[in-house]
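Per-entry structural report
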Amino acid sequence: MDLNDLTNENYNKYVQSKAKPSPIGKNLVWAFTVGGLICVLGQGMWDGYHALGLDEKTARTAVSITLIFITALLTGIGVFDSFAKHAGAGTLVPITGFANAVVAPAMEFRQEGFVTGTAVKLFTVAGPVLVFGISASVIYGLVYWVWTLIW
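Residues numbered from 1 in each chain as written. Predicted model: local features only at pLDDT ≥ 70, side-chain atom pairs only at ≥ 80, totals over all residues. Heavy atoms only, no water.

**Details of the overall build of the chain**
The criterion, for reference: In this description a helix means any DSSP run of H or I spanning at least four residues, a strand means any run of E spanning at least two, and both kinds are numbered starting from the N terminus. Exposure categories follow from relative accessible area, calculated using a 1.4 Å probe and restricted to protein chains: below 20% of the type maximum is buried, above 50% is exposed, and the middle band is partly exposed. Accessible surface is estimated by sampling points in the Shrake-Rupley manner with a 1.4 Å probe; for residues, cover comes only from the protein chains shown.
Of the regular secondary structure elements, the chain holds seven helices and zero strands. Helices and strands appear in the chain in the N-to-C order α-α-α-α-α-α-α. In the chain, which comprises 151 residues, the proportion classed as buried is 21%. As displayed, the chain offers around 11,200 Å² of accessible surface, 70% of which is attributable to carbon and sulfur atoms.

**Let's talk about the side chain of threonine 71**
The condition that has to hold: Note on contacts: a residue pair qualifies if any of its non-hydrogen atoms lie within 4.5 Å across the two residues.
Its location among the elements puts threonine 71 in helix H3 (residues 56-76). In this structure threonine 71 comes out as buried when scored by relative accessible area, which is 3%. Discounting residues that sit within four places of it in the chain, threonine 71 has contacts with Phe80, Thr96, Ala99 and Asn100.

**Comments concerning the packing of helix H2 (residues 24-51) against H3**
In plain terms, the rule: Note on geometry: axes are lines fitted to C-alpha atoms, helical ones only across the stretch in contact, with angles between N-to-C directions running from 0 to 180 degrees. Under this scheme an angle from 65 to 115 degrees is roughly perpendicular, one under 35 degrees roughly parallel, and one over 145 degrees roughly antiparallel; angles in between are oblique. Crossing handedness is read from the near helix: turned anticlockwise from the far helix by less than a right angle, it gives a left-handed crossing, and turned clockwise, a right-handed one. Residues are grouped as follows: Ala, Val, Leu, Ile, Met, Phe, Trp, Tyr, Cys and Pro are nonpolar; Asp, Glu, Lys and Arg are charged; every other residue, Gly included, is polar.
Following both chains from N to C, one finds H2 and H3 inclined at 130°, their axes separated by 9 Å at the closest point. Taken as axis vectors, H2 and H3 run oblique relative to one another. Where H2 crosses over H3, the two elements pack in a sense that is right-handed. Taken together, the residues of H3 that come into contact with H2 (itself represented by Leu41, Gly42, Met45, Trp46, Tyr49 and His50) are Glu56, Ala59, Arg60, Ala62, Val63, Thr66, Leu67 and Ile70. Residues belonging to the contact of H2 with H3 are distributed by class as follows: nine nonpolar, three polar and two charged.

Following this line, the structure appears as structure tokens:
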């Protein structure tokens with residue numbers, strides 16, 4: 001079939017004929033296992049920080065900072081992306097996925113310079129999440145504040 005002969009109607013048929021089927025069951029189990037292991041690692045860190053005398057809230061913060069640091073470091077040296085390629089969606093556990101989403105674009109464009117490359121691309125993926133998350137929290141805070149003034 002010539003690509004010029006494709007229409008919108010049979011394009012999906014053409015793509016499906018060329019695509020290899022995805023082993024969904026295997027991918028689901030693998031993502032669950034890897035994500036679970038990352039969470040077990042986080043729980044182990046929490047237990048360790050708590051055993052060192054940190055209170056629960058501080059230990060949770062320390063675990064988040066540690067996981068972000070490890071993911072950013074592994075992304076920076078090129079290890080996390082190859083791990084994620086084999087581990088699949090399990091690496092998208094929010095804290096590690098977020099750290100990777102911030103560092104990966106910055107690393108990709110670092111040769112364009114510190115300001116026009118790294119700094120500009122740092123929040124390419126994570127930027128909208130931050131903007132909407134912070135905006136939502138500010139709006140929620142204002143609504144809550146007004147609510148407490150009225151009642």
